[in-house]
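These are the residues of each chain, in order.
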Amino acid sequence: MACAGAAVWLFGEWNSGARRARLLLAGGGVVGAGQPPWGELAAGLRRVRGRLRPEWWALAAGLVLAVLGASVVPVFAGAAGVPVLRRVRLARAARAARERRGDAVIALCGALAGEVRAGRQPGEALLRAAWDSGGLGEAQPAVLAAARFGGDVPGALASAARQPGAAGLRGLAACWRVAVDQGAGLAAGLDRLGGALRAERDQRADLRAQLAGARSTALMLAALPVLGLLLGTALNADPLHVLLHTAAGLGCLITGGALEAAGMCWATWIVRRAEAG
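**A look at the overall build of the chain**
Each helix and strand counted, the chain has eleven helices and zero strands in total. Each of the 277 residues in the chain was classed as buried or not, and the buried ones make up 27%.

Here's what the structure looks like:
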């Protein structure tokens, strides 16, 4: 059933693209008219795939194992894995957002330095650079209002630096305070700030690349029990029946699951500690 669904899905995508190309190149007809039933099914599957989050695949895997092993234990295990995987997904999304905001702050420093060197006043330069780079994030209206109407720009920048990944705005606030209040060169300070932020970003990227091997090894070791189940099934040992329908198998399943979770938590803690250091 899974292979048939995948075939219908892929065929529907290919057929839809080919039909759209023929209609556009021929210059006639309406795109989407006369769509065959399998094309509509593929479109519906694509919409469902776009709405489903990746963590729900844990529940789907639990349902499949429950059918194969004739037990409800995999269903509960898959349901328990949904919030864990959701937390992992949200953590990755937050991390990506922090990195994007940090890159935007670096771009803001470079754009602002260029605007100041072009001869614009700091307030006007900040307005132009902020719109071009988007480095102020959600606090952009407050900072731009302060720059436009003569408000406390360093204070607004310091408040904007509380956003995850926008810590570099504290340095921008310090440069602004020193340059505007004491007459120092703003462009030179922004260049040094941007260089420091880029060096810190490159250091984090290098450390993450060095830790990728350890993270991959931990994931590979975590997947070994699945390989063991597949090998047992290939040898006609029926491991699912042993694990789900015997007392010794349930004990091994609970103990192995606890050790698996503890090992993954330990490996994750080691990697995070190294990243924080």
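Let us keep going from here.
**Observations regarding the nonpolar core**
Judged by nonpolar contacts, the single largest core of 33 residues is most densely connected at L108, L112, L126, L136, L169 and L172. Sorting the residues of this core by element identifies α4 (73-117), α5 (122-133), α6 (140-148), α7 (153-160), α8 (168-182) and α9 (186-234) as the ones contributing at least two each. When neighbours within four sequence positions are excluded, L108 is seen to be in contact with L126, A129, A130, S133, G135, L136, L169 and L172.

**Concerning α5**
With twelve residues, α5 should cover 16 Å at 1.5 Å per step; its first-to-last C-alpha distance of 16 Å lies within 8% of that length. Backbone geometry just after α5 places G134 at a positive phi near 70°.

**Regarding the packing of α5 against α6**
Contact pair α5 / α6: the axes reach a minimum separation of 8 Å and the direction vectors enclose 155°. When the axes of α5 and α6 are compared, the pair comes out roughly antiparallel. The handedness of the crossing between α5 and α6 comes out as left-handed. Taking contact as the criterion, the partners of G123, L126, L127, A130 and W131 in α5 are, on α6, Q140, V143, L144, A147 and R148. Looking at the contact of α5 with α6 residue by residue, the class counts come to seven nonpolar, two polar and one charged.

**Brief notes about the packing of α4 against α9**
At a closest axis distance of 9 Å, the pairing of α4 and α9 adopts a crossing angle of 155°. For the element pair α4 / α9, the angle class is roughly antiparallel. Like other packed secondary-structure pairs, α4 and α9 cross with a definite hand, here left-handed. Across the interface between the two elements, R95, E99, D103, V105, I106, C109, L112, A113, V116 and R117 from α4 touch L186, A187, L190, D191, L193, G194, L197, R198, R201 and R208 from α9. Here the residues of the contact of α4 with α9 sort into eleven nonpolar, one polar and eight charged.

**Description of the confidence of the model for the chain**
Taken over all residues, the pLDDT of the chain has a mean of 82, while the share at 70 or more is 81%. This stretch, residues 28-34, has a pLDDT under 50; its non-local contacts, to residues over four places away or in other chains, come to seven contacts.

**Here's the deal with the environment of L253**
Along the chain, the position of L253 falls in helix α11 (residues 247-276). In this structure the C-alpha to C-alpha distance between L253 and V242, which are eleven residues apart in sequence, comes to 9.6 Å. When residues no more than four places from it in sequence are discounted, the contact partners of L253 are V73, L243 and L244.

About the thresholds
- Residues numbered from 1 in each chain as written.
- Predicted model: local features only at pLDDT ≥ 70, side-chain atom pairs only at ≥ 80, totals over all residues.
- Heavy atoms only, no water.
- Helix = DSSP H or I, 4+ residues; strand = E, 2+ residues; numbered from the N terminus.
- Buried < 20%, exposed > 50% of the residue type's maximum accessible area, 1.4 Å probe, protein only.
- Core = buried A, V, L, I, M, F, W, Y, C linked by side-chain atoms within 4.5 Å.
- Contact = heavy atoms within 4.5 Å.
- Expected span 1.5 Å × (residues − 1).
- Axes fitted to C-alpha atoms, helices over the stretch in contact; angles between N-to-C directions.
- Parallel < 35°, antiparallel > 145°, perpendicular 65-115°, else oblique.
- Left-handed = near helix turned anticlockwise from the far one by under 90°.
- Nonpolar A, V, L, I, M, F, W, Y, C, P; charged D, E, K, R; others polar.
- pLDDT = per-residue confidence, 0-100.

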